[in-house]
Each structure stands twice: as C-alpha cells, then as structure tokens.
Amino acid sequence: MKTETRTLPSRDDTAVRVNDCALKLANVNGTGSASANTLLMKAIFRMGVPVSGKNLFPSNIQGLPTWYEIRVNESGHTARATEYDLVVMMNAQTYADDVREARSGGYVLYDSTWPLSPELVRPDLGYLGVPLTTLCTQNFAAARERVLMKNICYAGAVVALLAIDPKIVSALLDETFQRSTRLRESNQLALRLGYEYACEHFDCPLPFHLAPIDENAGKILIDGNTATALGCLYAGATVAAWYPITPSTSVMDNFTALCRRYRREAVGEPGPDGQVQYRNNYLILQAEDELAALGMVIGANWTGARAFTSTSGPGISLMNELLGLAYYAEIPAVVVDVERAGPSTGMPTRTQQGDLLLCAYASHGDTKHLLLFPANPAECFEFAVKAFDLAEHFQTPVIMLSDLDIGMNDWVVPKLEWDENYVPDRGRVLGEKELELLGSFFRYADEDEDHVAARTLPGVSEKAAYFTRGSGHDKYGGYTELPREYQEVVDRLAKKHAAAAAHMPPPVVERRDGATIGVVSLGSCDPAVREALDLLADSGLPLDFLRIRGFPFAPEVRAFLDDHELTFVVEQNRDAQLRSLLTIETGVEPAKLRSVLVYGGFPLSASQVVEGITAQLEV
Amino acid sequence: MASITKPLIPLVELERNELGLTVRDYEGAMSTLCAGCGHDSVTATIVRAVFELAIPPHMISKLSGIGCSSKTPAYFVRGAHGFNSVHGRMVAIATGANAANRKLHYIGVSGDGDSLSIGIGHLAHAIRRNVNMLYLIENNGVYGLTKGQFSASTDVNSTSKRGEPNLLPPIDPVMLGLSLGATFVARGFSGNKEHLLPLIKAGLEHTGFALIDVISPCVQFNDHEGSTKSYLFTRHHEVQVDDFTLFQDGIHANGSDDGAVTVSMHSGALLRFRSLPADYDPTDRASAIAYLERHKAPDEVLTGLFYVNEAAPDLHELNKTVTEPLVAVPFERLCPGASALEELQKSFV
C-alpha cells in the first residue's frame, strides 16, 4: 500500500473561531475545582453547543495534580483534544507542563496574586493574570471559602473570556445551591468577581469563543455509569452485588440512589407518628470481594432474579473462576466491567480497553462469553437492558465492557428513551403448568434452535428439581466422566455461543465513496475515530468504518473485513487485543489487519488516530 | 460426583409426616462416599430432620462447595434444587439465592477445607450478614479427595495416617462463629445421631445464620489412633454441654418450665434447655464464649447448641426487603416507566 504523504490543514493561530476550541483546567485535587469545571461544561451545553468534558484525575483523595478538559466543537466532534486554546493554571506544581500544553497563539490564565516565574513565559502565548487569591481573600472571610471560591472566580473569568452566557451560569449556580442562601450568594459573588475582573482587564471575548446555537435540543449530559445504573434499574434487576473499585463504583452508587427513589414501596397505613413504613423491592449486597460478588449474582440468577455486578479489570481477574462456573452450569449473570489501565493495579484512574481478551475467554478450560461494547452513555443504558435479555435468553454470563472515559466523564447524548412495550426476555424457564405437562424434566436435554435448554427455578415444584454442577455433566444434568457425554454438552455450548452472534447489537457501519481501506474499532474510540475519518476524508483519503458492538461477532464483521484490502483496527491497549480476537474468531488473514494502538491511559484523540493510520500508509 | 439412583421400593408401611410424605421421599441418590463415612450419617440425619419438620421438598434449596462433604447434597431431598458449586464459594452463592427468594429453606453443606481455608472469608461475611440458612460443616480434619493432607481444623499433634504430627493451631468454627456474631452456633457428632437430629432441626427452624460444626470422621484418612477426629476419639471424649427439646409448635410445648431457659423462635417453634451447667446461658454470647474457653481441653470434644439469638434481624430484615420473594415481584413494579425517565432526565440538562 503506497499513498502520497498527507498533511492535515493547520490552524490559523489568531483567526476568530466560534464554537470550536479546547480548554485545559489544571487543578489540585480535593480543592473543589470539579464543581467549577462542570459548571462551565454544563453552561456550554445549555448554550446549545456540542461539548465534552474529560476529567483526568489521579488515584488520590487530596493534593495531587488533576486536569479537566473541555472540548467545544460545533460539528459535534468532541473526542479529547490535544491542542489547547486556553489553559487555566491553578496548580503551581504543574505550571511548567501546563504552559507547554497551550497551542501556539493560545492563552494561559493564572493566579496573578503571585508573579509568574520568567521561565514560564512563552512569547507565543497570551498571559491572562487574574489575582484570584487576592480577590477571594478580600471578599470572603472563612479560610475554606477563600480556597473554594477561587474556582468559581476563575470560572467567572473564563465565562467572560469565552463569551459563555453569564445568565446561564448564574442560573446553574442558583439551581445547585437552591437549598442554601449563603452558598448561593457566595458562589454568585465569586462568579461576578472573576467575570468583572476579566471584562475590565482583558479584551473579552478572546478570538476563539462561544455563541449560542441549537445543537443540544433533545439531548442530555450524562456519564456512562449513571446510564448503566439506569439500564439495570429499567431492566428490572432486583439483586446487585459488588465490591468497590474505581472506576466502576459510581455504577452501584447510582443504582443505589435510583433504587431508593424508585424501588421503595409503602406498606400498610402510616404509624401513629404519621411515618410511612417502606419495603424495598431490591437488595444490594456490598460483598467481601469480587469472587463473592459474582457468586451472589450467580446464586440470585439461579434462583430466578435479574442480578448484576459492576467491577473493573482487577475484579474480572478474581471473577474468572465463577465466570467459568456460570458458563458451564448455564446460569445467567450480568457483569459490568468499567475498564481501567492494567495490568495488575495499573492506573486505576486512567482509561483503557485492555480487558477484551480476558473477558472473551475468562476462566480455565474452553470458555467463551458474550460481550457488549457500548461507545457512549446512551449505549450503556441500552446495552445494560440488552445484557439481561441476552444473559437470560442464553443462560450465560454477559459482560458489558465500558471504560473509565465512558463511565466517569459527562457525555452529550440523545435523551434516553424507554419503550413501554418492552417485555423482558426471561429465556426458557419452565413454570409449574409447563412442568405438569412434561413427563419428566432434564436440565440440558431439550435444546432449541439457539441450542438453549429450558431451565427451572427453585421453589416451583419437585418435578423441576435438578442438581446444578460445575463438574462434568451429561445432557440430563447427571455427573459424567464419559468423553461422549461430556463432549455432547460442551459442543452444544460452543454452538450456543455462535448462535448468540445473531442476537448481539449489529455493528455500526459508515461507508464513504471511493474507500478501499477499512477501519474497525469499538467502544469509547468512537468519537475520535469518526473525527479522524472526517479529517482524512477532507484530506482526500476516504475510509470505511465499522464499529463492533458485541461478541461473538455479527456476520457483517467478517464481510466488512473481506470487503477491504486492508483494515486498520483502532483500540486502546498495547497488545492489539481486538485484532487478535478478530483473527481468532473470523479467520481473516492476519496480514490484512493493521493496528493503531493508543494505551497511555488518556481518552483517545482524533490526531492519534490520524497519525497512526497515515504513518502506516506513507512510503 | 458419581451418583446412583436409589430404588424406590416401599418394603414396609412407612411413617408419614403432615404432608403425607415418608422419609424415603426426602432421600436423594445413593451415596458414593466410602463405607462408614461420617458424612453419610449427617445426610441421613438431614433427611430425618426435614421429614420431621414436614418441609415441602421443593421449598428446599441445597448448596455446597467442593470436597467430600460437598457431594452430599446429591444424597438428600431429590425433590429440591441442588447446587454443587466451586470450592469455598458456596455461601456467596447461597447469599445471592436467599436474596432472590427469601421463602425457601437454604441448606448449605461444607467441609473444613471449604469453610475454614479457601472459603473462610465468605463464611465470615455470611455470618455478619445473618443470611437465613442452615450451614453445616462436615468437619473431619483432613482433605479426603486429595488423599489425606491436614486441614485448618486439624488439632496440634493430631497425626496423619503416616504418623506425622500437625504443627499448626486449628481454627475452631464454633469460636469463629461466636466471635463473628453468628446467631446460632452448635456442634454435633455424626456418630451421635440422636443428638445431631435436634441440632439440625433447631438450625432449620432458626431465622438467621445457623452454623453447625459436625465432627464427621473420615474413615479412609483420619480414623486412626493418632487422630483427634476419629470415631473412637470423639466417642470417648464427647461432652454434651446442654440438653434441649425443640417444640415445633411452641404454643403447645408441654413439660415443666422449671429452671429451664426457653427461646421462642420466629418460626413458631420453641427451644427449651434443661440441665444447663450452672455458669452457662445459651442465649448469652459472652457466657457461651467464656464457658467454651474455660472448658477447652485436649481431651474434651464439647457438643451442643452453644448459642442462639432469635432477635437479630436477618439479611432481609436488615435490608427491609419486601416480604414476598424478590423473584415474585412483577416487572411492572420494578420498571419505573417512560414518564419517570423523562422526568428524571430534566436534571440531566
């Protein structure tokens, strides 16, 4: 493959740009900066402008550097930017690095209460000094308040510099602090201090700034873990078991909050004190470890409940044993894996797609699992529901692989819809009446076209009783060590796994005229890859795109690979795990697949994809 | 585990329980354990207990881990769902099962390897959660299926079949249970079924986590002279601490109340203790711990219902779950619906 060298159009440093810029906010964690940063992001969202916020935070509670990045793009490209127009420097520890991050012609905002050291001055940058500490010391009495309000103060300056609508920001503060007049007033004051200082001292707005449009009608701001929790709630999950682990903890935190809101039922009449008694139609178990968490989920599913667990890579490692049990004994289980950077403890607050192969074949012996790959919070909601349907239909574990970028960052997605006609697919479960008609029941004997045999639940009837085991069994559920009987069951399991391909969410395919090369990717790579493909198409290299959404792979995947002389596989891990899985499972010629691998732990950027592809096409 | 179906030929007219079932209706497959294995006596005692309590077989859920003991759920109550899971994780699975359906009777059978080594963490936390179940440890002080290694319950200087002494101190499941706040703690001996039967029945009647350590000798690897978990040693050294009667129908409990400790159970049953040692009260945890500590001697195997607490809330009461099984709650009550989603999302803009 030979093509001419390409260069992408470079940016004019000083031209006016509306609704197309990137901000980096450098903070110290534990100082309350998150509220100021999300305030800015939410205000931009309410202006109707496509926006994303990426929180690059340390595995620490207080005192270490943390960054928040806001990308604004009218065309909807909101993958992580790598060039920053404005850098807000609130952490002296990282000044030197942060100054380097600003693009040529960009600006830095810093606390000018103290002078900036001369070596931090770059001639190609504009320096916006706001005496944040002085302003807050003069206007606030309490020590804690003086620290916290600096954040809202710089947000006020950014509002002026970027022409963010101050009325929207002010309204957001009122909503946030509606219960406390004191907090509302101090936040509004801090906002005003920063805003007015910027208006008086700088040419506001900067050449790159915002203007209201209407791109966010019918959209919401939501993180993937909240959306996943909502999906589990709507799917009718009644039992959840988990062990706390970053970055999946907020799945269960949100599920707990949602259950408290929607799953409490008043019982009886109010007592003499007027207090209503509540009962919960859910049970959330904080387990002693991830082994127990999945064990509980398996026990609950075996008994007939929809149950799930949420975890991250280290938890999946521990769950391997029980994933094998659920696979072999054919028990539904839903596992949400919010991936973080491995191996081992790795980088708990950094994103990666490194659990793919582990999840596909988790546990010893011949095992294969059903995997779902949401690319954004909207798909987290949709696929969480789908995961329960698939798990019960196929009586097997389903692992939904989200990641830190999707799970913990706020994304703009279309408003979630719920189909009132949704009926849960509870799979083949024989009830009392069906059992009466049956001569006798054998657990694994009566397979359907998907190679699934009907199961029964405890507590229904004596006829339904069977002995579930992770040891060798024949199709009647009896213990066996005979090759033929053993193989009959495991061969059916392989066929069952293959049959699930047709039930997985189909891949998303985007074709371009004249394309001969394909790009395959999955999960949170999506916005960066699509932006990269637009950039490459603009520069004269149209590429076709396929985003995988489930494993086993739908037939379209192999067809797409066959259709292209060369396909790039873009993924966020070192070892090209998706490329390996494609090679193993589709039988495609490995030489036809080339990798673009980005696995440093930060969310993927379009520039990384463009560079990764063009570097391999240049002579 | 291999299993052989038992022929169901009624040879004599058998006694029937309230449900009209005979003890044979509570049996399972033929045991494939070694002849004389203590576990088979425990199995037979479980069969007798559930028969006498007239529990409908399908309302029992029987679970186990891995090991000789964990094979036994195949050998009792064929009409109950069974789950022979993986090593040490049984009680986690039972916890999830119980969470899903609180109306079933859960019987977990485990061994000293399963409960005191690989699964000790899960056991500890199931005790803390007070999962409503009967948890039996068929304790033989040895790894049988892997041919004779010491277990975590082997006593110091108890010897292997080859005569090597064990050097590590044992973990006593009774003291473990008491220290973690188990709400029913007992020890029995598989060679003394008359005493084991009421323990198992009381454990089944208990609401909460009923832990019964059953000394159950391994005839193949730990029934020799140097073993402290042999039939002979246990027979000669068993000391029954208490003597109690379980009245299934507490209201009609007969006999004298004089000097006895009585415990009313949630199930409606009543426990009446007689002939208790002077310095010991089975409803007082501190007293039970102190008594057992004082009487810890290498030549005594204390058995009995050491402690019972019917007042502690179980897993479901702690979590205020609905009174019906969660599996019985219809989907309509679980899914908040489209308009609630619409409303909720007003806070996402």
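Residues numbered from 1 in each chain as written. Chains lettered and ligands numbered in written order. Predicted model: local features only at pLDDT ≥ 70, side-chain atom pairs only at ≥ 80, totals over all residues.

(A) Spotlight on the overall build of chain A. The helix and strand inventory of chain A stands at 19 helices and 25 strands. Based on the C-alpha atoms only, the size of chain A along its principal axes is roughly 85 × 80 × 40 Å. Residues classed as buried in chain A amount to 53% of the 619 residues present. Residue pairs at least 24 apart in sequence account for 74% of intrachain contacts in chain A once pairs closer than 6 positions are excluded. (Helix = DSSP H or I, 4+ residues; strand = E, 2+ residues; numbered from the N terminus. Buried ≥ 20, exposed ≤ 12 C-beta atoms within 10 Å, placed from the backbone. Contact = placed C-beta atoms within 7 Å.)

(B) Representation of the overall build of chain B. Counting its secondary structure elements, chain B contains twelve helices and 13 strands. Principal axes of the C-alpha set define a box for chain B whose edges measure 75 × 55 × 50 Å. Long-range pairs, those at least 24 residues apart, make up 70% of the contacts in chain B with a sequence separation of at least 6.

(C) Region of the structure containing the confidence of the model for chain A. On average, residues of chain A score 95 in pLDDT, and 98% of them are at 70 or above. Under a pLDDT of 50 for its full length, residues 1–10 of chain A has, in the predicted model, eleven contacts with residues more than four places off or in other chains. (pLDDT = per-residue confidence, 0-100.)

(D) Highlighting the interface of chain B and chain A. Listed as interface residues are 52 residues of chain B and, on the opposing side, 53 residues of chain A. Elements represented by at least two residues in the side of chain B that touches chain A include exactly β2 (81–84), α3 (90–100), α5 (120–129), α11 (331–334) and α12 (338–344) of chain B. When residues in the side of chain B that touches chain A are grouped by element, the largest group, eight residues, is from α3 of chain B. Pairing analysis gives three bridges linking strand β19 (residues 467–469) of chain A to β2 of chain B, with the strands arranged parallel. (Pairing = 2+ DSSP bridges.)

(E) Expanded view of helix α1 (residues 33–46) of chain A. All names here are of chain A. Here α1 spans 20 Å end to end across 14 residues, near enough to the 20 Å set by a 1.5 Å rise per residue. For α1, a buried count of twelve out of 14 residues is recorded, marking the element as mostly surrounded by other parts of the structure. Of all the positions in α1, only Ser33, Ala36, Asn37, Thr38, Leu39, Leu40, Met41, Lys42, Ala43, Ile44, Phe45 and Arg46 are classed as buried. Just downstream of α1, Gly48 is the residue with a positive phi angle, here 85 degrees. (Expected span 1.5 Å × (residues − 1).)

(F) Structural detail: the packing of helix α9 (residues 290–303) of chain A against helix α10 (residues 313–329) of chain A. Residue and element names in this part refer to chain A. Put simply, α9 and α10 touch, their axes get as near as 8 Å, and they point 30 degrees apart. One element, α9, and the other, α10, form an angle in the roughly parallel class. Between α9 and α10 the crossing geometry is right-handed. Together, Glu290, Leu291, Leu294, Gly295 and Ile298 of α9 and Gly315, Leu318, Met319, Glu321, Leu322, Leu325 and Ala326 of α10 make up the contact between the two elements. Taken together, the residues that form the contact of α9 with α10 break down as eight nonpolar, two polar and two charged. (Axes fitted to C-alpha atoms, helices over the stretch in contact; angles between N-to-C directions. Parallel < 35°, antiparallel > 145°, perpendicular 65-115°, else oblique. Left-handed = near helix turned anticlockwise from the far one by under 90°. Nonpolar A, V, L, I, M, F, W, Y, C, P; charged D, E, K, R; others polar.)

(G) Quick peek at the nonpolar core. With 269 residues, the main nonpolar core has Ile44, Val88, Leu109, Tyr154 and Val239 of chain A as its most contacted residues. Those residues in contact with Val88 of chain A, other than ones at most four positions away along the chain, are Leu23, Leu25, Ala26, Leu109, Tyr154 and Val158 of chain A. Val142, Tyr143, Phe150 and Phe221 of chain B belong to the second largest nonpolar core, which has five residues in total. (Core = buried A, V, L, I, M, F, W, Y, C linked by C-beta atoms within 7 Å.)

(H) Structural detail: the sheet that holds strand β21 (residues 517–522) of chain A. All names here are of chain A. In space, the five strands of this open sheet follow the order β20-β22-β21-β24-β25, with mixed pairing throughout. Of all strands in the sheet, those with a lone pairing partner are β20 (508–510) and β25 (593–597), marking the two edges. When strand polarity is set aside, the average angle formed by the axes of neighbouring strands in this sheet is 20 degrees. In the sheet, strand β24 (residues 566–571) pairs with β25 via five bridges, with the strands oriented parallel.

(I) Expanded view of the confidence of the model for chain B. A residue-level look at chain B finds 96% of positions with pLDDT of 70 or above and a mean pLDDT of 94. This complex was scored by the predictor with a pTM of 0.96 and an ipTM of 0.97.

(J) Layout of the sheet that holds strand β11 (residues 261–264) of chain B. Residues and elements named next belong to chain B. Sheet architecture is open: three strands sit in the order β10-β12-β11, paired in antiparallel fashion. Both edges of this open sheet fall to β10 (243–247) and β11, since each of them pairs with a single strand only. Neighbouring strand axes in the sheet, compared pairwise and without regard to direction, differ in orientation by 15 degrees on average. By the bridge criterion, four bridges tie β11 to strand β12 (residues 270–274) in an arrangement that is antiparallel. Note that in β12 the partner of Ser264 across the bridge is Leu270. Packing of helix α7 (residues 193–205) onto the sheet brings it into contact with β10 and β12, and relative to β10 it is tilted by some 50 degrees.

(K) Representation of the pairing of strand β8 (residues 209–215) of chain B within the structure. All names here are of chain B. Counted residue by residue, β8 has seven buried out of seven residues, so it is predominantly covered. Residues Phe209, Leu211, Asp213 and Ile215 line one face of β8 and the alternating positions Ala210, Ile212 and Val214 line the opposite face, and both faces are buried. Where strand β4 (residues 133–139) lies against β8, seven bridges are found, and the strand directions are parallel. The residue bridging Tyr135 from the neighbouring strand is Leu211, located in β8. Here strand β7 (residues 184–189) runs beside β8; their pairing, made up of six bridges, is parallel. Bridge pairing links Phe184 to Ala210 in β8. Since β7 and β8 lie parallel, the crossover through α7 that links them has a hand, and here it is right-handed. (Right-handed = clockwise from strand over helix to strand, strands pointing away.)

(L) Highlighting the domain arrangement of chain A. Along its sequence, chain A is organised into domain 1 (17–209), domain 2 (222–267 + 278–414), domain 3 (432–502) and domain 4 (508–617). For domain 1 of chain A and domain 3 of chain A, the distance between their C-alpha centroids amounts to 60 Å. (Domains from an automatic or database assignment.)

(M) Quick peek at the packing of helix α3 (residues 132–139) of chain A against helix α6 (residues 181–201) of chain A. All names here are of chain A. At their nearest, the axes of α3 and α6 sit 11 Å apart, and the two run at 135 degrees to each other. In this view, α3 runs oblique relative to α6, as classed from their interaxial angle. Once α3 is placed against α6, the crossing between them reads as right-handed. For the pair formed by α3 and α6, the contact residues are Leu135, Cys136 and Asn139 on the first element and Leu189, Ala190, Leu193 and Tyr197 on the second.

(N) Representation of the environment of Phe177 of chain A in the model. All names here are of chain A. With respect to the helices, strands and loops of the structure, Phe177 is situated in the loop between α5 (166–176) and α6. Its 17 C-beta neighbours within 10 Å are what place Phe177 among the partly exposed residues. Sequence separation between Phe177 and Asn187 is ten residues, and the spatial gap between their C-alpha atoms is 8.7 Å. Dropping the residues within four chain positions of it, Phe177 is found in contact with Leu183, Arg184 and Asn187.

(O) Here's a closer look at the environment of Asn192 of chain B. All names here are of chain B. With respect to the element layout, Asn192 can be found in the loop between β7 and α7. Judged by the 19 C-beta atoms lying within 10 Å of it, Asn192 falls in the partly exposed class. Between the C-alpha atoms of Asn192 and Ser41, which are 151 residues apart in sequence, the distance is 8.9 Å.

(P) A look at the pairing of strand β4 (residues 65–73) of chain A. All names here are of chain A. The element β4 is extensively covered by neighbouring structure, given that eight of its nine residues are classed as buried. Alignment of strand β2 (residues 20–28) against β4, held across nine bridges, turns out to be antiparallel. The residue of β4 that forms the bridge with Ala26 is Trp67.

(Q) Looking closely at unusual backbone geometry. Residue and element names in this part refer to chain A. Looking along the chain, the bond that leaves Gly342 and enters Pro343 is cis, with omega of -5 degrees. Mapped onto the elements of the fold, Pro343 is located in the loop between β15 (333–339) and α11 (356–360). Residue Pro552 is reached from Phe551 by a cis peptide bond, and omega for that bond is 10 degrees. Here Pro552 lies in the loop between β23 (550–551) and α17 (555–563).

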